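Residue-level structural notes
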Amino acid sequence: MNIRSLTRGDGVVIGAAVVLFVASFLGLTPGIDCPAGSSVCPDYDAPNAWDSLGLLMSMFLAGVIGAALIVVGRAMPGRKVVGIDLGQFGVAFCIFALWTAFWTIIDMEADAGAGMILGLLATIVLAAAAVAAPLVPALKAPLMGAPRPQQPQPYGAQPPAGYGYPGGPQQSFGGQPQGGYGYPGAQGGQPGQPQPVQGQPAQQQPQPAQGQAPAQAQAPGQQGGAPSDFSPFWFAVPVARPLYAEDGSPTPIAELAPGTWYLAVEQRGQGLVAQTQDGRRGVLQDTTGIQRG
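Residues numbered from 1 in each chain as written. Predicted model: local features only at pLDDT ≥ 70, side-chain atom pairs only at ≥ 80, totals over all residues. Heavy atoms only, no water.

1. Let's talk about the packing of helix 3 (residues 86–107) against helix 4 (residues 114–132)
Applicable threshold: Here the axes come from fitting lines to C-alpha atoms, over the contacting stretch only for helices, and the angles between their N-to-C directions go from 0 to 180 degrees. Working definition: helices are DSSP H or I runs of at least four residues, strands are E runs of at least two. Numbering for both runs from the N terminus. Each angle is binned into one of four classes, with values under 35 degrees roughly parallel, values over 145 roughly antiparallel, values of 65 to 115 roughly perpendicular, and all other values oblique. Take the far helix as your reference; a near helix turned counterclockwise from it by less than a right angle gives a left-handed crossing, and one turned clockwise gives a right-handed crossing. Throughout, a residue-residue contact means that at least one pair of heavy atoms, one from each residue, lies within 4.5 Å. Asp, Glu, Lys and Arg are counted as charged, while Ala, Val, Leu, Ile, Met, Phe, Trp, Tyr, Cys and Pro are counted as nonpolar; the rest, among them Gly, fall into the polar class.
The interhelical angle for the contact between helix 3 and helix 4, taken along N-to-C directions, is 150°, at an axis separation of 8 Å. By the criterion of interaxial angle, the relationship of helix 3 to helix 4 is roughly antiparallel. For the pair helix 3 and helix 4, the sense of crossing is left-handed. On helix 4, the residues touching Val-91, Cys-94, Ile-95, Ala-97, Leu-98, Ala-101, Phe-102, Thr-104 and Ile-105 of helix 3 are Met-116, Ile-117, Leu-120, Thr-123, Ile-124, Leu-126, Ala-127, Ala-130 and Val-131. Among the residues forming the contact of helix 3 with helix 4, the class breakdown is 16 nonpolar, two polar and no charged.

Printed below as a string of structure tokens:
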């Protein structure tokens, strides 16, 4: 279960479910006014939801169960019951809890107590958050920020140019510049020809521009268009996106959730071959707005 895939809407659902559970222990009706000196009032307790099994199951526990199904469906995407997603079951439970609370409080003969009023408000927030969480951008944002992956360099970064790296300045043994007097590449003296004097710059053959050879070596790969320079990197998606099988089947094999880091192992056209935490690999076709680690 990946709790970092929870959204702000899921946080609202969890909070409303906690309030609804607490309201089940409060009185459904207000207390009675007892005359002074009465011996009956001290023993009177206002009934709560646990004294009415039908109201408890259809309103209070139905809302709590619905919130639990929404959270589990978000943290464990792809889980279904009789072909229906767990989150959809949870939304139906929350709406049913609000329906029961609304008609129950209308049909009450006595005044509603703190438990009934608080339960109605909690079911309103619960059902609204369950329905609006996948639709409102503010509620689709991750509830918790994702940790930074242990990636020393971002995607496409090259090591700094220096001694020992391609393109960096190289020195010969002993720290002397190449092409000087007494080193390979220097113009040897011929009979009848003047020798270079110390302090006088020796004539050198034109050297190819620095980086020309690597550029020529990379040219075939660039002309071919193949992502030969691709290196795996971590990324996160801004919203939930499906992950399709590598064989091109239209049925998603998983869903990438926001707030979770996934590993891109290969580039395939405009998409990426991504690997999930449980080892499944698939093609992410929509790569717009992804965050590289």
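We are not done yet, so read on.
2. Some thoughts on the side chain of Asp-10
By the element assignment, Asp-10 lies in helix 1 (residues 8–23). Ignoring anything within four residues of it in the chain, the contact list for Asp-10 reads Ile-70 and Arg-74.

3. Overview of the nonpolar core
Our working definition: Here the nonpolar core consists of buried residues drawn from Ala, Val, Leu, Ile, Met, Phe, Trp, Tyr and Cys, with membership extended through side-chain atoms lying within 4.5 Å. Summary of the burial criterion: residues with accessible area below 20% of their type's maximum are buried, those above 50% are exposed, and those between are partly exposed, where the area comes from a 1.4 Å probe applied to protein chains only.
In terms of nonpolar packing, the biggest core is built from 22 residues, with Val-13, Leu-55, Met-59, Phe-60 and Leu-126 touching the most fellow members. Mapped onto this core, the elements with two or more residues apiece are helix 1, helix 2 (53–75), helix 3 and helix 4. When residues in this core are grouped by element, the largest group, seven residues, is from helix 2. For Leu-55, the contacting residues outside a window of four places in its chain are Leu-28, Phe-60, Thr-100, Thr-104 and Met-116. Counting 14 residues, the second largest nonpolar core, distinct from the first, contains Phe-235, Val-237, Ala-264 and Leu-284.

4. Remarks on the confidence of the model for the chain
Spelled out, the test is: pLDDT gives the predictor's per-residue confidence on a scale running from 0 to 100.
Mean pLDDT over the chain works out to 75, with 65% of the residues at or above the 70 mark. Note on residues 151–192: pLDDT under 50 across the span, and 39 contacts to partners over four residues away in sequence or across chains. The model gives residues 208–227 a pLDDT under 50, and that stretch makes five contacts with residues more than four places away or in other chains.

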